[in-house]
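# Fold and geometry: a report
One-letter residues, chain by chain:
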Amino acid sequence: MIRPRTTILLLGLVSWAPVAAADGPELTLSVGHRSGGPTFTTEAHSPMVDCVTTPCVTAEVFTEDDQARFTLILDLPISPLWAIELLYTEQDGDFEFRSEFPDIVDQGTYDWSTAQIGVLRTWGHDRLRPFGALTAGVTSFDSSVGAYHLPLVVHAVPRPVDEEVLSGSLAGGLKVALSNHLDLRLEARAWWHDLPARLDGVLWQREASIGVTYRW
């Protein structure tokens, strides 16, 4: 789900297109495996425990991410070796619960979307072209599971999770020319998301991906 601030950022990114696209943009759809996710403390429920106050049963919420993740990347050349890079990606899934109490019955889901803009640098003009990219933008993070502020106090309740935070990424890889208009893009990317302290603070992710690029 794209949030208002993310939508504004995307509109700003698109506004670059008429300026830079005259030299021939490159559009990439990549798929990769992304590791790392938020971990936080939430309220939990167990049929074996009868609570009389809050917090009572707590659990650590974390993600087990084994799904392929897609990223859309648009590179708008501003010189033979430099380009403006725009990217958008989404991620969602189910939470896992870990608690000292047995038979935790809670379930929950999360989703986030990231829109970023930055620069890409390529080297060489041959069939194999190494590249590096640096981008920054906004990540919108939403969870159906609330999070406690820490340290816990009597009568504390978990607050809904609906955050929009700064994010960035650093990538490097190799473009392999397949034809006059198609490239194979092999990439490793590190993601940074400035999540608040109640969501365990800054989140780092690592991703290895492969994509197909169409060059105009």
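Refer to the structure above for everything that follows.
In this report, the structure presented in the accompanying data block is examined. (Residues numbered from 1 in each chain as written. Predicted model: local features only at pLDDT ≥ 70, side-chain atom pairs only at ≥ 80, totals over all residues. Heavy atoms only, no water.)

## Concerning the overall build of the protein chain
- The helix and strand tally for the protein chain stands at two helices and 10 strands.
- For the protein chain, the succession of helices and strands along the chain, N to C, is α-α-β-β-β-β-β-β-β-β-β-β.
- In the protein chain, which comprises 216 residues, the proportion classed as buried is 44%.
- As displayed, the protein chain has an accessible area near 11,200 Å², and 62% of this comes from carbon and sulfur atoms. (Helix = DSSP H or I, 4+ residues; strand = E, 2+ residues; numbered from the N terminus. Buried < 20%, exposed > 50% of the residue type's maximum accessible area, 1.4 Å probe, protein only. Areas by Shrake-Rupley, 256 points an atom, 1.4 Å probe, with all protein chains shown as cover.)

## Some thoughts on the packing of aromatic side chains
- Enumeration over the complete set of coordinates arrives at three aromatic pairs.
- When the ring of Trp 112 is compared with that of Phe 141, the centres are 5.3 Å apart and the planes differ by 40°; the resulting orientation is tilted. Linking Trp 112 in strand β6 (residues 109-122) with Phe 141 in strand β7 (residues 128-147), this pair joins segments that are 29 residues apart in sequence.
- Phe 141 sits in the buried class, given a relative accessible area of 1%.
- Aromatic side chains Tyr 214 and Trp 216 sit 4.9 Å apart centroid to centroid with 85° between the ring planes, which places their arrangement in the edge-to-face category.
- Here the aromatic cluster, defined as three or more aromatic residues joined through ring pairs, consists of Tyr 110, Trp 112 and Phe 141.
- Here Lys 175 stacks its cationic end above the ring of Phe 131, 5.8 Å away from the centre of that ring.
- Across from the ring centre of Trp 191, 5.5 Å away, lies the NZ or CZ of Arg 189, which sits over that ring. (Phe/Tyr/Trp six-rings, centres within 6.5 Å; stacked < 30°, edge-to-face > 60°. Lys NZ or Arg CZ within 6 Å of the ring centre and 35° of its normal.)

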